[in-house]
Amino acid sequence: MTVAAVEAVDVSRTYELDGVSVPALRGVSLTIAQGEYVAVIGPSGSGKSTLMHLLGGLDRPTGGRLVIGGRDVATLTAPELATLRNETIGFVFQAFHLLPRTSAVDNVALPLVYRGVGARQRRERAAAMLGRVGLGHRLGHRPNQLSGGEQQRVAIARALVTDPAVLLADEPTGNLDSATGEAVLELLEQLNAESGVALVMVTHDPEVAARARRRIAVRDGLIRSDTVHDRPLSGGDGRPETLDAAPSAEPRSASGSGPGHPSGGSGGATGATGRLPRGGGPGAPGGAG
Amino acid sequence: MRLAEAWRVALDALRANRMRSALTMLGVIIGVASVVLLVAIGTGTKQKVEQQVEGLGSNLLLVVPGKLDVGTAPVVSPLDLKDVDAVSRVVGDPGRVAVTIASGATARAGTRSDFTTVQGVLETTPAVFTRSLARGRYLTGADVDTSRRVAVLGASVARALFPDRDPLGQQVTLAGVRFRVIGVFTPLGQSLGVDRDDEVHIPVTAAQRLWGTQRIDGIAVKAPDRERIDQLGERIVAELSRRHPDTEFSAVTQQQILGVLGDILGVLTGVLAAIAGISLLVGGVGVSNIMLVSVRERTREIGLRKAVGARPRDIGVQFLLEAVLLTSIGGLTGMALGVGTALLVDAVSPIPAAITWWSLALAFGVSAAVGIVFGVVPAQRAGRLDPVVALRAE
């Protein structure tokens, strides 16, 4: 049985710029189940970043209903929303966003500071997390002493140190070369499979998106397609996936490195449309019309 | 724990921008140092004046014609030596009564001259005002009774007229009349910039003859005890008023003089401290300015902290602490600088300076408060930043 990690119902987000209303999202409905692996793909300006900010509780919708970790965002104060982010969401950014002049272990421990965890325990948990991303030997290094791939691994460790329900990765390989990017993707997929954290990856790269089991295409502030694939496409065959056409689900020969998609725990949480059925989720008030 | 993190981050931020932090602190340092220094000088001056007024002798009562009030015109004295006898009868002991008639005059000895204050006095002066002699003797009753032309020199006058000779037994000419030097006072030093050793005492009778008058300027009485000093003053004033119905008289005690002087110097100290406080205020504006820069510079960091769960208040506290740390370190440095300068001024210049604990506590408290006041706006701005916008910042 699964409970939705994030649920959005007809969510819209409009920016006011010099008195002009600019809609970035125009009514999006989706549910992210626990442990899911979802790629959100779309060109720049499509609204995918706005969607990610909303799903991560960094921003509030101007319309619709958004429930993160069982809590309606509209009912939360700014401090409550911050606490919700801390407890429920892990962020990985394209630009890493590590604090300079701060060691890897302290960077990873940062979210625990705002959870009120003691210094010693923070370090222990951060060090353990760095070990899981393969940086157990780089605890005291500062970001400028680490390679790009290593920096992104530190950022991933930071995102996961709080044991969140959802890991939001915004173009996580955008600043990395392809080999390093591949390794980072594999790490994300491995952590997704191991820990049951839902992985939502925002990307403009069809090859990256093709690795996900579920792919959501966003354009012009709307979800154009939301499809589930029994097996991920191989990222390496050079065949681009069109955005507005629903990607084919035809089985292809999986590459040797084939990252495990969530095999357990989220079995039923798939659907072909924007609104995913949730396996008997008890608390879905008023969502689906 | 969050607070500990905020401290760590604030310290780290100051360290990362050492030059900028130091320059920002400089404003606070100068402000606090000048407050501490000027309050020290004000306090030191007040203490010294109090010492000197008390050093005039205890239980002193000064009787002068006119009302002792700010803004009243001086009154021509109707007093003469018969009034002094009357006052002595009221007091019951002529040895406790001193008089003065003073005027500026040029003192000459050989080719040297010195413009000084000549005081006509009774032989009781050293007992009433607690004066002592370095050399020779003071005036005697016989000197006064016979208007003898003898003089006791203040230390400065003695130095000016007889730099390389023993003044005792030498002649000085005061307003064209020759006097014989019979004594030299022990130096008293300066008071409020006035050289208290720049005076010559001669018998009051000789002074009256010198200036062709029967008058005296004022009477000083050393009261037998502190408790009845006011009562004694009233009796003296009543007696003088009876003898001179047209004139008002005032009797003031040292405590009253100290009170008036203390008030004046207190206001002076306050004004000085306020002027110095303005520079502290300017330093505070500098802190505010640099904090805004710091917030802007670290916008992305703020965005990231918010993304991982920092509440607006966590961010605000972090920047507020940075501002308070900036001004507190500046305040401590300024205090050290102010104390050092005050001690130096006290040691090498004639200006007295005294450090008081309350002024240090006040200076530090004010500098920390400046950090809070001028840190609040930048801190609030940081706390309210939209995390999405902040994360995108360059």
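Keep in mind that this is a model prediction, so the values were computed, not measured. (Residues numbered from 1 in each chain as written. Chains lettered and ligands numbered in written order. Predicted model: local features only at pLDDT ≥ 70, side-chain atom pairs only at ≥ 80, totals over all residues. Heavy atoms only, no water.)

1. Quick word on the overall build of chain A
Cut-off, in case you're wondering: Per the convention used, a helix needs a DSSP run of H or I reaching at least four residues, while a strand needs a run of E reaching at least two, with both numbered from the N terminus. The classification of residues rests on relative accessible area computed with a 1.4 Å probe and restricted to protein chains. Under 20% of the type maximum is buried, over 50% is exposed, and intermediate values are partly exposed. The contact criterion used throughout is that any non-hydrogen atoms of two residues lie within 4.5 Å.
The helix and strand inventory of chain A stands at seven helices and ten strands. A total of 289 residues make up chain A; the buried ones form 52% of that total. Within chain A, contacts between residues separated by at least 24 positions form 68% of all contacts whose residues are at least 6 apart in sequence.

2. Focus on the overall build of chain B
Here is the rule: Accessible surface is estimated by sampling points in the Shrake-Rupley manner with a 1.4 Å probe; for residues, cover comes only from the protein chains shown.
Along the backbone of chain B there are 13 helices and twelve strands. Counting the 394 residues in chain B, one finds 50% classified as buried. Nonlocal contacts in chain B, meaning residues at least 24 apart in sequence, comprise 79% of its contacts between residues at least 6 apart. Surface accessibility of chain B: about 18,800 Å² in total, with carbon and sulfur atoms responsible for 60%.

3. Some remarks on the confidence of the model for chain A
Any residue range with low pLDDT should be treated as having predicted coordinates unsuitable for detailed reading. Residues and elements named next belong to chain A. As a reminder of what qualifies: What pLDDT expresses is the predictor's confidence in each residue, scored from 0 to 100.
On average, residues of chain A score 82 in pLDDT, and 79% of them are at 70 or above. The lowest-confidence element of chain A is helix 7 (residues 206-209), averaging 91 in pLDDT; the highest-confidence one is strand 6 (residues 89-92), averaging 96. Here residues 234-289 is modelled with pLDDT under 50, and outside its nearest four sequence neighbours on either side it reaches 85 contacts, counting other chains as well.

4. Observations concerning the sheet that holds strand 2 (residues 20-33) of chain A
Residues and elements named next belong to chain A. So the rule is basically this: Between any two strands, at least two bridges found by DSSP are needed for them to pair. Axes, fitted as lines to C-alpha atoms, cover a helix only where it is in contact. Angles between the N-to-C directions of the axes lie from 0 to 180 degrees.
Read across the sheet, four strands follow the order 2-1-4-5 without closing on themselves; strand pairing throughout is antiparallel. The open sheet has two free edges, formed respectively by strand 2 and strand 5 (71-72), since each of these has just one partner strand. Packed on one face of the sheet, helix 1 (residues 48-55) meets strand 1 (4-17), strand 2 and strand 4 (63-68) and runs near 60° to strand 2.

5. Comments concerning the pattern of salt bridges
Inclusion rule: Salt-bridge detection follows one rule: a side-chain nitrogen of Lys or Arg within 4 Å of a carboxyl oxygen of Asp or Glu.
One pass over the full model with this rule turns up 25 salt bridges over all chains. Residue D80 of chain B is joined to K82 of chain B by a salt bridge in which the shortest nitrogen-to-oxygen separation is 4.0 Å.

6. Considerations on the interface of chain B and chain A
Going by this rule: Here the quantity called buried area is the accessible surface, traced with a 1.4 Å probe, that two parts lose on coming together, added over both. Side-chain atoms alone can form a polar contact between residues adjacent in sequence; in general such a contact is a pair of N or O atoms within 3.5 Å, and within protein one must be able to donate a hydrogen while the other accepts it.
Taken together, the contact pairs 23 residues of chain B with 25 residues of chain A. Overall, the association of chain B and chain A removes approximately 2,200 Å² of surface from exposure, summing both partners, and the carbon and sulfur fraction of that is 62%. Scanning the region where chain B abuts chain A turns up five residue pairs in polar contact (both at pLDDT 80 or more). Contributions of two or more residues to the side of chain B that touches chain A are made by helix 1 (2-16), helix 10 (299-307), helix 11 (312-348) and helix 13 (387-392) of chain B. Ranked by the residues each element gives to the side of chain B that touches chain A, the list is headed by helix 10 of chain B, at six residues.

7. Some remarks on the sheet that holds strand 9 (residues 214-219) of chain A
All names here are of chain A. The six strands are arranged 6-7-8-3-9-10 in an open sheet whose pairing can be described as mixed. Each edge of the sheet is formed by a strand with only one pairing partner; in this case those strands are strand 6 and strand 10 (222-228). Shown here is a sheet whose adjacent strand axes are inclined to one another by a mean of 15°, direction ignored. Bridge count for strand 6 against strand 7 (residues 166-170) is four bridges, and the pairing is parallel.

8. A word on the pairing of strand 10 (residues 199-203) of chain B
Residues and elements named next belong to chain B. Strand 10 sits mainly inside the fold: five of its five residues count as buried. Relative to strand 10, strand 3 (residues 112-121) is paired through five bridges, and the arrangement is parallel. Across the sheet, residue V118 finds its bridge partner in strand 10, namely V200. Pairing of strand 5 (residues 150-153) with strand 10, which is carried by two bridges, proceeds in the antiparallel orientation. Paired with V152 across the bridge in strand 10 is H201.

9. Describing the packing of aromatic side chains
Rules: Note on ring pairs: Phe, Tyr and Trp rings are taken, using the six-membered ring of Trp, and paired if centres are within 6.5 Å. Classes follow the plane angle, with under 30 degrees stacked, over 60 edge-to-face and the rest tilted. Geometrically, a lysine NZ or arginine CZ counts as sitting over a ring once it is within 6 Å of the ring centre and also within 35 degrees of the ring normal.
Taken as a whole and judged by the stated rule, the model has two aromatic pairs over all chains. With a centroid separation of 5.6 Å and 10° between ring planes, the pair formed by F91 of chain A and F93 of chain A is classed as stacked. Judged by its relative accessible area of 6%, F93 of chain A is buried. Geometrically, the ring pair formed by Y138 of chain B and F185 of chain B is tilted, given 5.8 Å between the ring centres and 50° between the ring planes. Pair noted here: Y138 of chain B is in the loop between strand 4 (133-136) and helix 5 (141-145) and F185 of chain B is in strand 7 (residues 177-185), with a separation of 47 residues, a long-range link. Both residues of the pair, Y138 of chain B and F185 of chain B, count as buried. Taking the ring centre of F185 of chain B as reference, the NZ or CZ of R131 of chain B above it sits at 4.0 Å.

10. Let's talk about the pairing of strand 2 of chain A
All names here are of chain A. As defined by bridge partners, strand 1 adjoins strand 2 across eleven bridges and the pair is classed as antiparallel. Within strand 2, the position partnered with S12 by the bridge is R26. Between strand 1 and the antiparallel strand that follows it, strand 2, lie two residues; D18 among them carries a positive phi value of about 50°.

11. Description of the packing of helix 10 of chain B against helix 11 of chain B
Residues and elements named next belong to chain B. To be explicit about the condition: Under this scheme an angle from 65 to 115 degrees is roughly perpendicular, one under 35 degrees roughly parallel, and one over 145 degrees roughly antiparallel; angles in between are oblique. Two helices crossing with the near one rotated counterclockwise from the far one by less than a right angle form a left-handed crossing, whereas a clockwise rotation gives a right-handed crossing. Each residue gets one label: Ala, Val, Leu, Ile, Met, Phe, Trp, Tyr, Cys and Pro are nonpolar, Asp, Glu, Lys and Arg are charged, and the others, such as Gly, are polar.
Contact geometry for helix 10 and helix 11: axes closest at 10 Å, N-to-C directions at 140°. By the criterion of interaxial angle, the relationship of helix 10 to helix 11 is oblique. Helix 11 is crossed by helix 10, and the crossing has right-handed handedness. Taking contact as the criterion, the partners of E301, I302, R305 and K306 in helix 10 are, on helix 11, P312, I315, Q318 and F319. Of the residues contributing to the contact of helix 10 with helix 11, the split by class is four nonpolar, one polar and three charged.

12. Section: helix 4 (residues 119-132) of chain A
All names here are of chain A. We apply this condition: Expected span of a helix: the number of residues minus one, times 1.5 Å.
For helix 4, which comprises 14 residues, the first-to-last C-alpha distance of 20 Å matches the rise-based estimate of 20 Å (1.5 Å per residue) to within 8%. Buried residues belonging to helix 4 abut helix 3 (104-113), helix 5 (148-160) and helix 6 (178-195). Positive backbone phi, at 85°, marks G134, one or two positions downstream of helix 4.

13. Focus: helix 10 of chain B
All names here are of chain B. By the criterion of burial, helix 10 is predominantly enclosed, with eight of the nine residues buried. Here helix 10 has its buried residues at T299, E301, I302, G303, L304, R305, K306 and A307. Of the residues one or two after helix 10, G309 is the one with positive phi, at around 120°.

14. A short note on the environment of G338 of chain B
Residues and elements named next belong to chain B. Along the chain, the position of G338 falls in helix 11. Among the residues examined, G338 registers a relative accessible area of 0% and is labelled buried. Along the sequence, G338 and G31 sit 307 residues apart, while their C-alpha atoms lie 9.5 Å from each other.

15. Here we look at the side chain of D59 of chain A
Relative to the elements of secondary structure, D59 of chain A occurs in the loop between helix 1 and strand 4. A polar contact of 2.9 Å, which involves the side chain of D59 of chain A, links it to the side chain of R13 of chain A. At a separation of 3.5 Å, a polar atom in the side chain of D59 of chain A contacts the side chain of Y15 of chain A. Beyond its immediate sequence surroundings of up to four residues, D59 of chain A is in contact with R13, Y15, H53 and L54 of chain A together with V388 of chain B.

16. Description of the confidence of the model for chain B
Looking at chain B as a whole, the pLDDT averages 88, with 97% of positions reaching at least 70. Taking the mean pLDDT of every element in chain B, the minimum, 68, falls on strand 8 (residues 190-191) of chain B and the maximum, 95, on strand 5 of chain B.

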